Structure formats: C-alpha cells, structure tokens
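Close look at the chain arrangement
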Amino acid sequence: MKPGHSPTQRLRTGFRLVVLISTALQGCAHFLVLRLWSELSTLERAQWLHRWCATAIHRLGIELQPEGEFPSRGLLVANHLGYLDILVLSAMHPCVFVSKKEVRSWPLFGLMAKLSGTVFVDRARTSAAHTANSEMSDALAQGAVVVLFPEGTSSDGSKVLPFRPALFDAATKAGANVVSAHISYDVADGSAANDVCYWGGMSFFPHLLRLLSRHQIRARVRFAAETRTFADRKLAARVTREMVASLAQMSNPQAPAARFMRRS
C-alpha cells in the first residue's frame, strides 16, 4: 500500500487538516480582537504570529530541535525548504519574514502572512528589491528579527543554492547583525525531500496532505554562533552562504536527508 493511503494515514491526515485550519481561524479571530484595541506594531504582529505558529506546531506534533541561540534582533539568513520553514522559525521566536508575492494569495495562510507584516517580494519586477529593502529596514529599525531566504526559491535540502545579494541591502546599510542558520527535517515514515520539503513543480494542497499524513516530523535548526555585520551585500551573500553550507555539514555530516527511528 502506498504511503498516505492506509486508513490510519487517511484518518491522521483528515484530523490534522482540521486542526491546522481551525488553528489558523483561531489566530485570525485573535488578530481581529487585538485590532479592536489598537493598531498593532511590527513587533506585536510578529509576536501574534509566533503564538499561533507555536500552537500549530504543538497541535500537529512536529518536534522542534534548535541547536544554538535564536537571535534577538537583526537579520536571520537561512536555507529554504518550503512553507513549513515559516511555522518552524516563527514557533521558535517572533519574526518578520521576507516571502515571494505569490504567498499572499494562498487561502487563509496568505492572509495570516499579510496580517503578520510579511515583506512580499515580486520577483517579476526589477524594482521589487528596493521596495522590500525599505520595508525590511523599517522592521530592523524597530528591533525585529527579519528572516531572509536568499536562495530565492526552495529546494529538497540536498544542497545550499546560491544566495542572491539584492535583499541584503537593508542589513548592510543599517549595520544590522546577521546570523546564519540551517534548516533540515527528519521524517519517521517517508522522505523528507519529497514529503516535507516543498520545491520544484509540486502542487501545494496535495503536498500539504502528504505532509500531514506523516507519522512524525522533526525540524532541526542549527544557528551559527558567530554574529556578523557587513558593509557589502555581495560579500554578505557569499559569506552567509558559506556559513549555511558549513552548518549543513555539521547538522548532518553523512547524508542530506536522514531518517530517524519511529518512537515506540
């Protein structure tokens, strides 16, 4: 029987889908209540997303395994494996994310991204980087942690793709601290590359159902101990990519997509 098609997996998938949607709806309702009292600042929006991503991660039974310290402010640069990265990082600490414009149109979850203050980038427009850097600068000035995935796309985790330097401008001009991180996933009964990572020509909803059907998922995030500042965006892109690639080897020196044993 193919993975995801057993009665147990179908039941698990349906239950978790209801849990995920209901949690997102609860989060949106909570946001509306908060807005009744006052306009929310960038940090308050990040705190709101943190609360509900942590709730979703807990309810879905996804295990978080951070190694090192999450930065308290500045730019966090990481590899990108898919939409689950957002939940994982936000569950660990309040963040402002930089994301592709298409995410805004995703049902419900796009709304949460917009409400949380996500900086959206239109990759089809050459002027988009300037606008995004301006919004990132505002968030950095307010003391937020801004999360950047400079690969520009997601991958299967087998390697770290080249980093695009354009969106490092906000951090270099502000002299902001930059911390590198590497994200990886282990899955008990499947393939992290195909069942957790969202990349290539995958379709969102079928992939989401496959992810929710997995028995157990562990998210590992390894943070660099060193904090850097950069005056040049190209140097920032090159050095942080080297650091993320180094963290990838430290996190999993033998194989890029290892599995872990299912708990009894």
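Residues numbered from 1 in each chain as written. Predicted model: local features only at pLDDT ≥ 70, side-chain atom pairs only at ≥ 80, totals over all residues. Heavy atoms only, no water.

A few points about the packing of helix 1 (residues 7-37) against helix 8 (residues 204-213)
The angle between the axes and the distance between the axes are what describe a pair of packed helices. At a minimum axis distance of 8 Å, the contact between helix 1 and helix 8 shows a crossing angle of 110°. Our classification of the angle between helix 1 and helix 8 gives roughly perpendicular. Relative to helix 8, the crossing made by helix 1 is right-handed. Contacts between helix 1 and helix 8 involve Gln 9, Arg 12, Thr 13, Arg 16, Leu 17 and Leu 20 on the former and, on the latter, Phe 205, Leu 208, Leu 209, Leu 212 and Ser 213. Of the residues contributing to the contact of helix 1 with helix 8, the split by class is six nonpolar, three polar and two charged. (Axes fitted to C-alpha atoms, helices over the stretch in contact; angles between N-to-C directions. Helix = DSSP H or I, 4+ residues; strand = E, 2+ residues; numbered from the N terminus. Parallel < 35°, antiparallel > 145°, perpendicular 65-115°, else oblique. Left-handed = near helix turned anticlockwise from the far one by under 90°. Contact = heavy atoms within 4.5 Å. Nonpolar A, V, L, I, M, F, W, Y, C, P; charged D, E, K, R; others polar.)

Observations concerning helix 2 (residues 42-60)
Here helix 2 spans 27 Å end to end across 19 residues, near enough to the 27 Å set by a 1.5 Å rise per residue. Along helix 2, the residues classified as buried are Arg 45, Ala 46, Trp 48, Leu 49, His 50, Trp 52, Cys 53, Ala 56, Ile 57 and Leu 60. Turning to helix 2, the residues buried within the fold contact helix 1, strand 1 (63-67), helix 3 (84-92), strand 3 (96-100), helix 4 (109-115) and helix 8. Just downstream of helix 2 lies Gly 61, where phi reads positive at about 75°. (Expected span 1.5 Å × (residues − 1). Buried < 20%, exposed > 50% of the residue type's maximum accessible area, 1.4 Å probe, protein only.)

Overview of unusual backbone geometry
With a phi close to 65°, Leu 108 is a non-glycine residue in the positive phi region. Along the chain, Leu 108 turns up in the loop between strand 3 and helix 4. Residue Leu 108 is classed as partly exposed on the basis of its relative accessible area, which comes to 22%.

A word on the pairing of strand 5 (residues 145-148)
The two faces of strand 5 match: Val 145 and Val 147 on one face and Val 146 and Leu 148 on the other face are all buried. As defined by bridge partners, strand 2 (residues 74-78) adjoins strand 5 across four bridges and the pair is classed as parallel. Residue pairing for strand 5: Leu 76 is matched across the bridge by Val 147. (Pairing = 2+ DSSP bridges.)

Nothing here speaks to function; it is geometry throughout.
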